Amino acid sequence: MPSYSWPEPEKRKIIGQRISRLDGLDKSSGRAKYPSDRNPQGLLYAVLLTSPHAHAKVRSIDTSAAEKMKGVTGVRVISKPGTEIQWAGTEVAIVAATSEPLARDAVRAIKVDYEVLPHFVREEDLSKVGARAKPAGEQITGDPEAGFKDAEVTSEGTYAIPVITHCCLEPHGAVIQWEGDKVNYWPSTQAVSTVANELARNLEIPATNVRVQMEHMGGGFGSKFPADRWHIESAHLSKASGGKPVKVFLDRASELTIAGVRPSHFAKIKMGAKKDGTITAWQSESWSTGGFAGGGMAPLPYVFNKIPNFRLNHTAVSLNTGPIRAWRAPNHPQASFLTCSAFEDLAAKLNMDPITFFEKNLQFTPRPDIYKRQLAKGAEMIDWKKNWHPRGQGSGVIRRGLGLGINSWGGAGHASKARTIIHPDGSVELEIGTQDLGVGTRTVLAMIAAESFGLPMSMIKVKLGDNQYPVSGPSGGSTTVGGVSSSTRKATINALTKLFEAIAPSLNTTPDQLEAIDGRIRVIGNPDKGMSWKQACQKLGVTPINEMGENDPKKPEGLNTAGAAGVQMADVTVDTETGRVKLNRLVAVQDCGLIVNPKTAESQVLGACIMSVCAALTEERVMDPQTGRVLNADMEFYKLAGISDIGEILVHMDITPENDKRGIIGLGEPCAIGGIAAIANAVANATGVRVPQVPLIPKNVLAALHGQGRNA
Amino acid sequence: MLNFEYASPSSLKEATALLGASWADAQVLAGGTDLISLMKDYIESPKRVVNIKNIKELGGISSSKGGLRIGALVTFDELAANAAVRTQFPSLASAVRGVTSPQIRNMGTVGGDLCQRPRCWYYRTGNGLLGMKDGKSLVPTGENRYHAIFGEGPAYFVSPSSLGPALIALGAKAKLVSTTGTREVDIAKFFVAPANDTSREIALAPNEILTEIVIPAAATKNATYEVREKDALDWPLATASVALKMKGDAVESAQVVLGHVAATPYVATQAAEMLAGKTITEDVAEAVGKAAVAGAKPLSDNAYKVQLAKVAVKRALLEAAGKKAV
């Protein structure tokens, strides 16, 4: 059996190089076609009718006027009479028509009679949620009473982080066409190989009859796994139209209302420690909402989960609001914010530098040495020694402060199969049923194949985004890069072994004595004895090599593994008269094992830091208690940071021989975790006051500074 | 968006003849940065849209003895690039800089800035201009973090105009033209707090077109200071524009106007009067800021805006006086 292991660092030609994305130019020039760019001939447009009520029963629905409109090809009722609607924006009906404006007009012609029922949409005050509370039960480790008794200093605080949404640049949707007994499906999805099954089940057709294709997609962040209801209905509308393609993409209001949210988190946290900083006990009462089904439970205490004594109480709150979907590192950013805020508050009470306090307690984390090194590196990058001051010792109107946050993630490779084809003319194809979410998967795969074959990347044709290619897992949990890199490595090595077998006799050697380097196949230790890649492939005659490779998550064979860690540190300036927070600098120190492409890896961290800046400084879904609706389901008052709000971001990838030996680890999620905590802590350090809730907008900052407003 | 008739006249005479007696009959399209989104959301559905962008006489900026004439079709970008504006009216240039979207600065017009509709989220989600449900305003008992801190209702939205406060402080007038004649209105009186859902928040009648603004020639020290949640495209939480007529180092007379704090720009007369005869110092500016918000009546969730308005006045005064604002 050939060895699949990654080449030794000093022997790598391509892995580890800073390679620009292969599709970068296509994307920046508009040539890249996303599912929402697809406009085939005869296209119909589907538009949803959504419920204006947060809680209501559909009494009756009259679609006759819409059906009679010229250009309308189909109307389907989704929430049939008797259906109890549990959040505003719920899909009630869908219309297909020959133009989008026409479909919108037709949607307005549908008459729905609702029995409006009382709704409940706000969870910040747990004492008011009544029967909406779903307690998860108490969880005790060690002896919390003894732990607090043992403490020489205790600290208590309340912290809050709101519901936010995914804000995918390309909204949720698909183009879908029912042709004969087959369905062609072009969704914006994180699950090319698996989404067909869900669609097929709902359409009651064999999954083999569904073809899924997606070259590019405009962001998912965890929210684009399912075959959404509007996709399924659009397939039916295509069938009803006699097989015309139907395009369905949510408008921005629906995108922000029903396409998934990240749960909120609120917590009252009490901590105890010895004077030297050693934590003795943790106690938290937390609550959160993930919409009607409740859900969302932050893993507390975060990372420091070996604190000897702790008591946890969590309550999920059911609201008449849109449902949760996985949001880049589900529940971890909230957990990091809650934990690191409580940590820095206790450190302040102990008059300790938070870095010293975190270091003092690293034995309660799974990876003390790595965090220790990363804290030191982060401190160096942000010039902690020079810029940090004890909390509250800033003066003047404009104050500066530093803070930190930490992260931890799994990220082992998912199940993945890949096929490599070497053609007799020397050209190489890689086929894999994965998807490139915009993170550079395509580029990484070409790098790995080129490395195995000793070829330039330009000779590798990467084919992904099609469920006719070998099955590869959905892109969730930062599992993609480990999975697809490993399967690709194996497929390419398997194919190369076949090529060696084919040409070894003509070089008077055995296959195990051959290597592929710099476009040549040559005898190990005798570089002059060999032939060009092209000559070698010609020896295949007319039959291409066609070999598979598989990553089995139970047996990754050292190619990939789990366990990423990182720290983020923020440097902010606060205008204490206006409550405006400006991020000066955010630094991220991140490990993720062997890094295939440091450039795209850094890009991942930069994007994650930007998401953290948004969530820390401006982002929040605002629910109206009266109408039960999202008040800011638009990009005007759902506020994302612009370029001028982001500040400087510095990324340090923790590339070390020890990390490299661990194999590949997924990176997409860990780096999106610690930034909010770091920024919130920096504001506390600057002002001397804990702003208990993010986003750190003037309303919340001034409330903390001056005790103004509802949140005082 | 409902279907509508589109007209694109090339003269003011033709354009005014195309307007109607009500807003439902016809509306004017200039930069389109507001009207189009209102129509897409079915908040406004005029039967006719009258594009005025082809009317040459509505463009251009010119200086004369009487002051600076700014055509209604002048874009934010043109305004900010104008030398007279930059040198004489930094408060106006600064207000334009507050519109941080290049796209909107390129398309949005001076007339449109004054005529745009409020951004109140109850209004924009289909609850009418005053955000009423079952005869009661949703604002005082709802989410009012961005709403008015002055006034007793029923209009709790804030005037969205970026230029209004600066133009009022500078004593500008607007020219309004209809088929029956022309009238001039002080910008201060152009903004009106509506008493009901069917009124408008401006003095313009449905059959009139705002054609130009004239800022009188008077040497003032002027400045605008605004506070927002973001530096990138965002609406101010509070703005203050000040114009100071100086006599030596002391203020002879002053105008202090707040934006985004009431249904109209809020003219802080008493606060401005305090400045007469004074030299601007940090203490004077602080006191005037405090006086400017003395009459504020914040709602349940926007007391923080009182503080912001106060600070905006203080910093605008210091900036106008050429002193360090922060």
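Residues numbered from 1 in each chain as written. Chains lettered and ligands numbered in written order. Predicted model: local features only at pLDDT ≥ 70, side-chain atom pairs only at ≥ 80, totals over all residues.

**Examining the pairing of strand 17 (residues 310-317) of chain A**
All names here are of chain A.
Argument step 1. Within strand 17, seven of the eight residues are buried, leaving the element largely enclosed by the surrounding structure.
Argument step 2. Sheet analysis places strand 7 (residues 133-141) next to strand 17, joined by seven bridges and oriented antiparallel. Bridge pairing links Lys-134 to Ala-316 in strand 17.
Argument step 3. Pairing geometry for strand 16 (residues 279-289) and strand 17, over eight bridges, is parallel. Across the sheet, Gln-283 pairs through a bridge with Arg-311, a residue of strand 17. (Buried ≥ 20, exposed ≤ 12 C-beta atoms within 10 Å, placed from the backbone. Helix = DSSP H or I, 4+ residues; strand = E, 2+ residues; numbered from the N terminus. Pairing = 2+ DSSP bridges.)

**Observations concerning the domain arrangement of chain B**
Residue and element names in this part refer to chain B.
Argument step 1. For chain B, the domain assignment lists domain 1 (1-51) and domain 2 (58-115 + 158-320).
Argument step 2. Each of domain 1 and domain 2 has a C-alpha centre, and these two points are 26 Å apart.
Argument step 3. Each partner contributes to the interface: domain 1 provides 16 residues, whereas domain 2 provides 15 residues.
Argument step 4. Broken down by element, the side of domain 1 that touches domain 2 gets its largest block of residues, four residues, from helix 1 (residues 12-18). (Domains from an automatic or database assignment. Contact = placed C-beta atoms within 7 Å.)

**A few points about the sheet that holds strand 14 (residues 266-267) of chain B**
All names here are of chain B.
Argument step 1. Spatially, 11-12-13-14 is the arrangement adopted by the four strands of the open sheet, whose pairing is antiparallel. At either margin of the open sheet sits one strand with a lone partner, and together these are strand 11 (221-228) and strand 14.
Argument step 2. The strands that helix 5 (residues 90-97) touches are strand 11 and strand 12 (236-247); relative to strand 11, the one it contacts most, it runs at about 20 degrees.
Argument step 3. Against the sheet, helix 13 (residues 304-320) engages strand 11, strand 12 and strand 13 (250-259), with an angle of about 35 degrees to strand 12. (Axes fitted to C-alpha atoms, helices over the stretch in contact; angles between N-to-C directions.)

**Section: the environment of Lys-529 of chain A**
Residues and elements named next belong to chain A.
Argument step 1. As for its position among the elements, Lys-529 is in strand 24 (residues 526-532).
Argument step 2. On the neighbour-count criterion, Lys-529 (15 C-beta atoms within 10 Å) is partly exposed.
Argument step 3. With 21 residues separating them in the primary sequence, Lys-529 and Asn-508 have C-alpha atoms 9.8 Å apart.
Argument step 4. Not counting the four nearest positions on each side in its chain, Lys-529 is found in contact with Leu-507, Arg-522 and Val-523.

**Observations regarding the nonpolar core**
Argument step 1. In terms of nonpolar packing, the biggest core is built from 270 residues, with Ile-679, Ala-680, Val-683 and Leu-696 of chain A together with Val-242, Val-256 and Ala-309 of chain B touching the most fellow members.
Argument step 2. Here this core spans two domains, since at least three of its residues come from each of domain 1 (1-51) and domain 2 (58-115 + 158-320) of chain B.
Argument step 3. Those residues within four positions of Val-683 of chain A in sequence are excluded, and the remaining contacts are Gly-401, Val-572, Val-574, Val-581, Val-691, Leu-696 and Val-701 of chain A.
Argument step 4. Counting residues in each nonpolar core, the second largest holds 55 residues, with Leu-44, Ile-176, Val-212 and Leu-250 of chain A among its members. (Core = buried A, V, L, I, M, F, W, Y, C linked by C-beta atoms within 7 Å.)

**Notes on unusual backbone geometry**
Most peptide bonds take the trans configuration, and most residues that are not glycine carry a negative phi.
Argument step 1. Geometrically, the link from Leu-300 of chain A to Pro-301 of chain A is a cis peptide bond, its omega value of -20 degrees lying close to zero.
Argument step 2. Checked against the element boundaries, Pro-301 of chain A lands in the loop between strand 16 and strand 17.
Argument step 3. For the bond running from Gly-153 of chain B to Pro-154 of chain B, omega is 0 degrees, close enough to zero to count as cis.
Argument step 4. Mapped onto the elements of the fold, Pro-154 of chain B is located in the loop between strand 7 (136-137) and helix 9 (164-169).
Argument step 5. Located in the positive-phi region is Phe-221 of chain A, a residue other than glycine, with phi close to 55 degrees.
Argument step 6. Mapping Phe-221 of chain A onto the fold places it in the loop between strand 12 (210-212) and helix 6 (229-240).
Argument step 7. Phi is positive for Ser-478 of chain A, close to 55 degrees, though the residue is something other than glycine.
Argument step 8. Within the secondary structure, Ser-478 of chain A sits in the loop between strand 21 (460-463) and helix 13 (480-503).

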